[in-house]
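Chain residues, written in single-letter form:
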Amino acid sequence: MEKLLIKGGVRLKGEVAIGGSKNACLPIMAASILSGGTSAVKGVPALRDVLTLAKLLQNMGAKCEFHNSTFETDTAPLDNPEAPYGLVKTMRASVLVLGPLIARYGRARVSLPGGCAIGARPINMHLAGLKKMGAGIELEEGYVLARADRLRGARICFDIPTVTGTENLMMAAALARGETVLENSAREPEVVDLANALVTMGAGIEGAGTDIIKIEGVDGLKPLDYRVIPDRIEAATFAAASAITGGDILMKNCRPEHLDAVLIKLKEAGAEMAATPDGLRVIGDGRPRAVNITTMPYPGFPTDMQAQFMALMSVADGTSIISETVFENRFMHAPELRRMGADITLQGGLATVKGVQKLKGAQVMATDLRASASLVIAALFAEGETVIDRLYHLDRGYERMEAKLRALGAVAERIR
Ligand code: EPU
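Throughout, residues of each chain are indexed from 1 in the direction in which the sequence is written. Only residues with pLDDT of at least 70 get local features here, since the model is predicted, and only at 80 or more are side-chain atom pairs given and counted; chain-wide, interface and lining totals rely on the full set of residues. Excluded from the side-chain calculation are hydrogens and water; included are all heavy atoms of the structure.

Student: Could you clarify how one ought to interpret the site of the ligand in this entry?
Tutor: Summary of the distance rule: residues count as near a molecule or strand when at least one heavy atom falls within 4 Å of that molecule or strand. Residues in close proximity to the ligand total 21 residues, the closest being Asn 124, Thr 162, Thr 164, Asp 304 and Val 326. Contacts described as polar in this section are N or O atom pairs within 3.5 Å, which, within protein, must combine one atom able to donate a hydrogen with one able to accept it, while residues neighboring in sequence count only if both atoms come from side chains. The separation between an oxygen atom of the ligand and a polar side-chain atom of Lys 22 is 3.0 Å. Within the side chain of Thr 162, an N or O atom sits 2.6 Å from an oxygen atom of the ligand. Per-residue accessibility takes into account occlusion by the displayed protein chains alone, with areas from the Shrake-Rupley method and a 1.4 Å probe. Calculation on the ligand without its partners gives an accessible area of 830 Å², and the protein chains cover 87% of this total. Elements are defined by DSSP. Helices are runs of H or I of four residues or more, strands are runs of E of two residues or more, and each kind is numbered from the N terminus. Broken down by secondary-structure element, the contributors of at least two residues to the shell around the ligand are α1 (22-31), α5 (124-132), α6 (163-174) and α12 (369-381).

Student: Explain the pairing of strand β3 (residues 38-42) here, please?
Tutor: If a strand is regular, its side chains alternate between the two faces of the sheet. Pairing analysis gives five bridges linking β3 to strand β5 (residues 70-74), with the strands arranged antiparallel. Each residue of the ladder has a partner; that of Thr 38, found in β5, is Asp 74. Of the pairings in the sheet, the one linking β3 to strand β14 (residues 225-227) comprises three bridges and is parallel in character. Of the residues in β14, the one forming a bridge with Val 41 is Tyr 226. At least two DSSP bridges between two strands are required for those strands to pair.

Student: In this structure, what is going on with the pattern of salt bridges? I would like to understand it.
Tutor: Side-chain pairing between opposite charges can occur once the charged atoms of the two side chains come close. The salt bridge criterion pairs a side-chain nitrogen of Lys or Arg with a carboxyl oxygen of Asp or Glu, the two atoms within 4 Å. Applying the stated criterion to the full structure yields 20 salt bridges. Across the salt bridge formed by Glu 257 and Arg 255, the nearest N and O atoms sit 2.6 Å from each other. Residues Glu 383 and Lys 358 are paired through a salt bridge, measuring 3.6 Å at the closest nitrogen-oxygen approach. Taken together, the residues Glu 383 in the loop between α12 and β23 (385-389) and Lys 358 in the loop between β21 (350-354) and β22 (363-365) connect sequence positions 25 residues apart. Any residue under 20% of the maximum accessible area for its type is buried, any over 50% is exposed, and the rest in between are partly exposed; the area is computed with a 1.4 Å probe on protein chains only. Of the residues examined, Glu 383 reaches a relative accessible area of 38% and is grouped as partly exposed. Overlapping salt bridges bring together Glu 2, Asp 395, Glu 402, Arg 414 and Arg 416 as one network.

Student: Whenever I open this one, the packing of aromatic side chains confuses me. Can you help?
Tutor: The pairing test for Phe, Tyr and Trp rings, Trp by its six-membered ring, is centres within 6.5 Å, and the orientation test on the planes gives stacked under 30 degrees, edge-to-face over 60, and tilted for anything in between. Per the counting criterion, the structure on display carries one aromatic pair. Directly above the ring of Tyr 143 sits Arg 109, whose terminal nitrogen or CZ lies 3.9 Å from the centroid. Charges are assigned to positions over rings by a cutoff of 6 Å between ring centre and Lys NZ or Arg CZ, combined with an angular limit of 35 degrees from the ring normal.

Student: Please clarify how the domain arrangement of the protein chain should be interpreted in this entry.
Tutor: Bring the parts together and some accessible area is lost; that lost area is often taken as the interface size. Here the bounds of each domain stem from an automatic or database domain assignment. Considered domain by domain, the protein chain is made up of domain 1 (3-19 + 230-415) and domain 2 (22-227). A straight line from the C-alpha centre of domain 1 to that of domain 2 covers 30 Å. Carbon and sulfur atoms make up 54% of the surface buried where domain 1 meets domain 2, a total of about 1700 Å² over both sides. Buried surface area refers to the total accessible area, computed with a probe of radius 1.4 Å, that the two partners give up upon joining, counted for both partners together. Among the residues domain 1 hides against domain 2, the three largest losses belong to Tyr 298, Arg 396 and Glu 399. Together they make up 35% of the total. Linking domain 1 with domain 2 are two salt bridges, by the criterion used here.

Student: Help me understand unusual backbone geometry, please; the structure alone is not making it clear to me.
Tutor: For residues other than glycine, phi is negative in most cases, and the peptide bonds are mostly trans. In this chain, Tyr 298 is followed by Pro 299 through a cis amide linkage whose omega measures 10°. You can see Pro 299 is positioned in the loop between β18 (293-294) and α10 (306-313). At Asn 184, a residue that is not glycine, the phi angle is positive and equals roughly 55°. Its location among the elements puts Asn 184 in the loop between β11 (179-183) and α7 (189-200). Residue Asn 184 is classed as partly exposed on the basis of its relative accessible area, which comes to 25%. Although it is not a glycine, Arg 400 sits at a positive phi angle of roughly 45°. Relative to the assigned elements, Arg 400 resides in the loop between α13 (392-395) and α14 (401-407). A relative accessible area of 49% places Arg 400 in the partly exposed class.

Student: Got a minute to help me understand the sheet that holds β18 in this structure?
Tutor: Backbone-to-backbone hydrogen bonds pair the strands of a sheet. The strands run either parallel or antiparallel. Taken in spatial order, the four strands line up as β18-β19-β21-β20 in an open sheet, and their pairing is mixed. If you trace the sheet from one side to the other, it starts and ends with β18 and β20 (343-347), each paired once. Note that β18 and strand β19 (residues 319-323) share two bridges and pair parallel. Paired with Ile 293 across the bridge in β19 is Ile 322. Contacting β18, β19, β20 and β21, α10 crosses the sheet at an angle of about 170° to β19. Two residues form a contact once any of their heavy atoms are found within 4.5 Å. The angle between two axes is taken between their N-to-C directions and runs from 0 to 180 degrees, where each axis is a line fitted to C-alpha atoms and a helix contributes only its stretch in contact.

Student: What is the right way to read α7 from this model?
Tutor: Every α-helix winds through 3.6 residues per turn, so residues three or four apart in the chain are directed the same way. For α7, which comprises twelve residues, the first-to-last C-alpha distance of 17 Å matches the rise-based estimate of 16 Å (1.5 Å per residue) to within 8%. Considered for burial, the residues of α7 that qualify are Pro 189, Glu 190, Val 191, Asp 193, Leu 194, Ala 195, Ala 197 and Leu 198. On its buried face, α7 sits against α1, α6, β12 (204-206), β13 (212-216), β14 and α8 (232-245). Phi turns positive, to about 110°, at Gly 202, one or two residues after α7. Every helix has an expected span of 1.5 Å times one less than the residues it contains.

Student: Please explain the sheet that holds strand β1 (residues 3-7) as it appears in this structure.
Tutor: Spatial strand order, β22-β23-β1-β24: four strands in an open sheet with mixed pairing. What marks the edges here is a single partner per strand, and that holds for β22 and β24 (411-415). Ignoring which end each strand starts from, the neighbouring axes of this sheet average 20° apart. Examined bridge by bridge, β22 and β23 share three bridges and lie parallel to one another. The residue of β23 that forms the bridge with Gln 363 is Val 387. Sheet contacts for α12: β1, β22 and β23; angle to β1, the most-contacted strand, approximately 30°.

Student: Would you mind showing me how to read the packing of α1 against helix α2 (residues 48-60) here?
Tutor: Taken N-terminus to C-terminus, the directions of α1 and α2 make an angle of 5°; their axes are 10 Å apart at the nearest point. When the axis of α1 is compared with that of α2, the two are roughly parallel. On α2, the residues touching Lys 22, Cys 25, Leu 26, Met 29 and Ala 30 of α1 are Asp 49, Val 50, Leu 53, Ala 54 and Leu 57. Residue type decides the class: Asp, Glu, Lys and Arg count as charged, Ala, Val, Leu, Ile, Met, Phe, Trp, Tyr, Cys and Pro as nonpolar, and the leftover types, Gly among them, as polar. Residues that form the contact of α1 with α2 fall into these classes: eight nonpolar, no polar and two charged. If an angle is under 35 degrees, it is roughly parallel; if it is over 145, roughly antiparallel; if it lies from 65 to 115, roughly perpendicular; otherwise it is oblique.

Structure representation (structure tokens):
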């Protein structure tokens, strides 16, 4: 199993190009199912999750190719509207094919994702919404069996904002008869990017980015030719890495307006930023100050940056309270950070992080995608060598992280 070896203590300096957004390109790739032609999605990062979605489409009969950050798929031959357990269990976002499949083929058989390391993550709101649109939903042998001659528009109010739930129903509604109104929708930039992509296909969508999205169903959609937004979480992760190492990095292909909540907290912690015509520059200035965060749906502080921020706070001057409100089990990086010398106490959804002066390299284990990024950030600061095991978690969401870090001066190497 591959591991990442990092020798800490180097100030990151230089330029880094941020890749396309993982969580935008997964639903947009799934949206290709809605048309029967050849779609192109551009700016797609070479990540394990992207390859899983491509395999899923191939398994359904679509033809897929991926080269130079462009994903091309011909969905005309798609004749098996099924997402098997073997693929869904490796990536929960596979459930994003459910909405488009039922909208276009009138039937879908999609494995129910099981629990996940960071929480139970049910899909009840996706299913309730599809039912309201007239789909018959049955659960059989761990699979969701969905059927509908043609979905019909409906008024749906989410109990809490759900990112992939909003995306699934937006895709389903794009081909439904009549208008669908999604209330208490997720407002994440990835939801907006999917809406923009669907509009280029001919969909009638208004309000994406607000909590009320209106979708006027159409009879057919054109194939996609679309470039995804840059990955705000990858950018925020590099920003935190610059802050902890006292670095000075310029992030190219970055949309600072998607990063407001994180940048405000990094500034409070003492980092300096400057938007330049080339991108966003983040400068770490001395020991970070302790600041508190509470994770929230967008535009709040993203749960996908909580682990990385905890690594930064573990060496801050003072005590920081970190409150995780989105997922019930997203503190698994805390015991690993403790192995490096961090002083973190957990109680329910609260972490109390007492900043220490030093971290020391250790052997640690990645438990999920963002937890692995948190360990990378801690390792960049720590004295000595850190070896991060189970690197496949990092590869799900960061393209060639070690190469990008090396280009910024870090000592980072993939080992077996
Ligand atoms: N929830 C339900 N029922 C549902 C759907 C969600 O109870 O039917 C709950 C979840 O358990 C959670 C909350 O609602 O407590 C919000 O979850 P959401 O549905 O928004 O999460 P998601 O769509 O499964 C996406 C991202 C995650 C990110 C979350 C929150 C993708 C592919 N995944 O997941 O990304 O953490 O939104 O922003 O877009 C990651 O990239 O590392 C990652 C985990």
